[in-house]
Amino acid sequence: MFLTGGLKSLLPHILRRVIRCNRLSISNTSGMAEGYKQANVVIVHKSLADDFEKFCQANDGPLPLLYRSKPGDWQCPPLSSDSDIRTDCPRYSVYEHGACTGTLKSLKEYSEQLKDMVTFYLGCSFSFEKAVQNAGVPVRNIEQKCNVSMYKTAVPCHSISTFCCNLVVTMRPIPESKLEAAVLATSGLKEAHGAPIHMGDPGLLGIPDLSKPDYGDPVHLHPGDIPVFWACGVTGVEAVINCRAPLAFTHSPGCMFVTDLKNDNDTTKSSREAPQVHCISQDPLHYSIVSAEAAQKIRKLETLIGIDPGERGIIHLLRREELLKACLSISHAHSVLITTGFPTHFTYEPPEENDGPPGALAIAAVLQALEKEVAIVTDQRAMNLNQKIIEEAVQLGILKRPVPLLSYQREGADSALMFLCENGNPGRPRFDHLIAIERAGMAADGNYYNARKVNIKHLVDPIDDLFLAAQTIPGVATTGVGDGGNELGMGKVKDAVKKHIKNGDVIACDVEADFTIVAGVSNWGGYAIACALYILSTCDIHDRYLRKAVGFPPLSKKTGWLSALPSVTKEEKLLKALVQHGVRSGKTASLEMEVDGLPFYNTHSLMIEKLL
């Protein structure tokens, strides 16, 4: 029986006495002693205590350490004035060699063994429930008078010695309109697990069925609710199980130790530090988090690259927030496929222009620094040229190592699916994000056109097929970068291209990407993506969300990320190399003007650097 009313307003020391006397049936402590911190409990032998503390420090999202007792100490003075850990949780679980051998309402019968054991008090998400309610966000499990849902995930924690396990999470259904309020209400409460670690499809965490929690009760979603997941202290229970210690104790999930400490409820952040929530995918449903400061920097990048030096009317193609959402999506990706190549000089050999490859390599360099898998797909006829460019980029220090170079040919109806997925299985994609930058895009009539309406289809392999196929594969996102509307991925703005761009009614690309980044020069779009990925990687709020609040922030890697960014010097060297290989400029004279002795697009790269 779940009891509320009087219990939720009881002072902690009175509630502990009620629990200690065992006069009421209390199935869980959610909603009780409102405004006070609650704690998960893990009790291990003193020989394991140091390693478990290190495990907590390495995974402080699920295991925020409130207090570590001395061996045999049943009280916790910093957390409560009058308590006994043997009796003050509503129910305990007993583990022997990793197996749960029973649940008890008191540990007094183990008093002798407890003399050699250490108690860890770990923060609990029940502590933030009042703050969430005060923000106007419903707490569904309290409404439904049940325990919170808890799930094992496929996310590994950082292992320490014998303590290793996957992350456990709680799930709370949150109305979509309240997502940002829930994040803001909890992000400052670090001792109660802080901000969520995932919002959206549970499958992305390896959770197969929300109706079947591993611990706690199923909590039903209302129409319009989004499943939101927080790191959970029951992760400590899983660590105890995997440790296989001869004897250990934990609270039973949901049956917490209630402390005398009030929640600071200090969630006040400067507007720059406040977290923002953005939807980055509908299939599967996925939201991401970024600080307001980082988001604003990326918006400035988007404005900066939207300058139209050729006065071609691209202002009418610009889509706000596309750079931010695209880069959030790329940030979550593990393997990225990039394509570039626009053979606008169809009477020359090679016919490629120099807009596209530098931007593509700038993106690839940062992806390598971020330790993501990256490959480039290009036309079969241009394989040798692109291989030389990649080798040159490695020699110039632009790339850390060569990027795998692929080509694609349409050999059958399922060719694109076979290329993108293992054995053509949409459930096993090889790439989770595709990026096209200054890549010739297929028009509505099936042909490919340069800006002057010249059909260059004979020079272009059907790489558009991959972007069309990606639309049918859950979890694979696409980004298109262009500067004229005839590039792959610009189908999202084709109506504006037809209306505002010269020859747009003929040349407009018909193939859409999920995210469309429009720039004055496509290379600028590539530089902006590279810089935005760096901004996201150095954003503490986004980094924590990416790593699911387990492990350590990658502070030592920031220097490597910075060195991977595009720069004027790098781009000058690469452009000279392109010229040596016969690649020509594809832009008008107005785009080739010099500012302070540098080509305009290089000067623009320097402007981007100043934002970081």
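Keep in mind that what you see is a predicted model, and the values were worked out from it rather than measured. (Residues numbered from 1 in each chain as written. Predicted model: local features only at pLDDT ≥ 70, side-chain atom pairs only at ≥ 80, totals over all residues. Heavy atoms only, no water.)

Our next topic: the domain arrangement of the chain. Domain annotation of the chain identifies domain 1 (12–262) and domain 2 (275–611). Centre-to-centre, using C-alpha coordinates, domain 1 lies 44 Å away from domain 2. In this assembly, domain 1 packs against domain 2 so that about 1,800 Å² is buried in total across both faces, 65% of it on carbon and sulfur atoms. Three residues, Glu-180, Ile-197 and Met-199, lead the burial of domain 1 against domain 2; their summed loss comes to 28% of the area buried on that side. Viewed at the interface, domain 2 and domain 1 are joined by 0 salt bridges. At the junction of domain 1 and domain 2, the tally comes to 10 residue pairs in polar contact (both at pLDDT 80 or more). When residues in the side of domain 1 that touches domain 2 are grouped by element, the largest group, 5 residues, is from helix α7 (residues 179–187). Grouping the amino acids of the side of domain 1 that touches domain 2 by side-chain chemistry returns 16 nonpolar, 9 polar and 4 charged. (Domains from an automatic or database assignment. Buried area = accessible area lost by both parts, 1.4 Å probe. Salt bridge = Lys/Arg side-chain N within 4 Å of Asp/Glu carboxyl O. Polar contact = N/O pair within 3.5 Å; in protein donor to acceptor, adjacent residues only side chain to side chain. Helix = DSSP H or I, 4+ residues; strand = E, 2+ residues; numbered from the N terminus. Nonpolar A, V, L, I, M, F, W, Y, C, P; charged D, E, K, R; others polar.)

Here we take up helix α8 (residues 235–243). Within α8, 7 of the 9 residues are buried, leaving the element largely enclosed by the surrounding structure. By the burial criterion, the buried members of α8 are Thr-235, Gly-236, Val-237, Glu-238, Ala-239, Val-240 and Cys-243. Two residues or fewer past α8, Arg-244 is found with a positive phi of approximately 55 degrees. (Buried < 20%, exposed > 50% of the residue type's maximum accessible area, 1.4 Å probe, protein only.)

With that settled, the discussion passes to the environment of Asp-82. With respect to the helices and strands, Asp-82 occurs in the loop between β2 (65–68) and β3 (92–96). Residues contacting Asp-82, with those up to four places away along its chain left out, are Arg-16, Arg-17, Arg-20 and Asp-88. (Contact = heavy atoms within 4.5 Å.)

One pass over the structure, following the stated rule, counts 9 aromatic pairs. Seen in terms of ring centroids, Phe-55 and Phe-163 are 6.1 Å apart; in terms of plane orientation they differ by 35 degrees. Their pairing is tilted. Linking Phe-55 in helix α3 (residues 46–58) with Phe-163 in the loop between β6 (149–156) and β7 (166–175), this pair joins segments that are 108 residues apart in sequence. Taken together, Phe-52, Phe-55, Phe-120 and Phe-163 form an aromatic cluster joined through their ring pairs. We note Arg-172 situated over the ring of Trp-230; from NZ or CZ to the ring centre the distance is 5.7 Å. Residue placement shows Lys-548 over the ring face of Tyr-545; its charged tip is 5.3 Å from the ring centre. (Phe/Tyr/Trp six-rings, centres within 6.5 Å; stacked < 30°, edge-to-face > 60°. Lys NZ or Arg CZ within 6 Å of the ring centre and 35° of its normal.)

Quick look at the side chain of His-198 now. As for its placement among the helices and strands, His-198 is situated in strand β8 (residues 198–200). Look at His-198 and you get buried, because its relative accessible area is 1%. Within polar-contact distance, the side chain of His-198 engages the backbone oxygen of Asp-201 at 2.8 Å. Once residues lying within four places of it in the same chain are set aside, the contact partners of His-198 are Leu-204, Leu-205, Pro-227, Val-228, Phe-229, His-286, Tyr-545 and Lys-548.

An order of β9-β6-β7-β10-β8-β14-β13 is seen for the 7 strands of this open sheet, with the pairing classed as antiparallel. Across the chains shown, the open sheet's two edge strands, defined by having one partner strand only, are β9 (215–216) and β13 (275–282). Each of β7, β8, β10 (225–231), β13 and β14 (285–291) touches α7; the most contacted strand, β13, lies at about 135 degrees to it. Sheet strands in contact with helix α10 (residues 322–332) are β13 and β14, and its direction is about 75 degrees off that of β13. (Pairing = 2+ DSSP bridges. Axes fitted to C-alpha atoms, helices over the stretch in contact; angles between N-to-C directions.)

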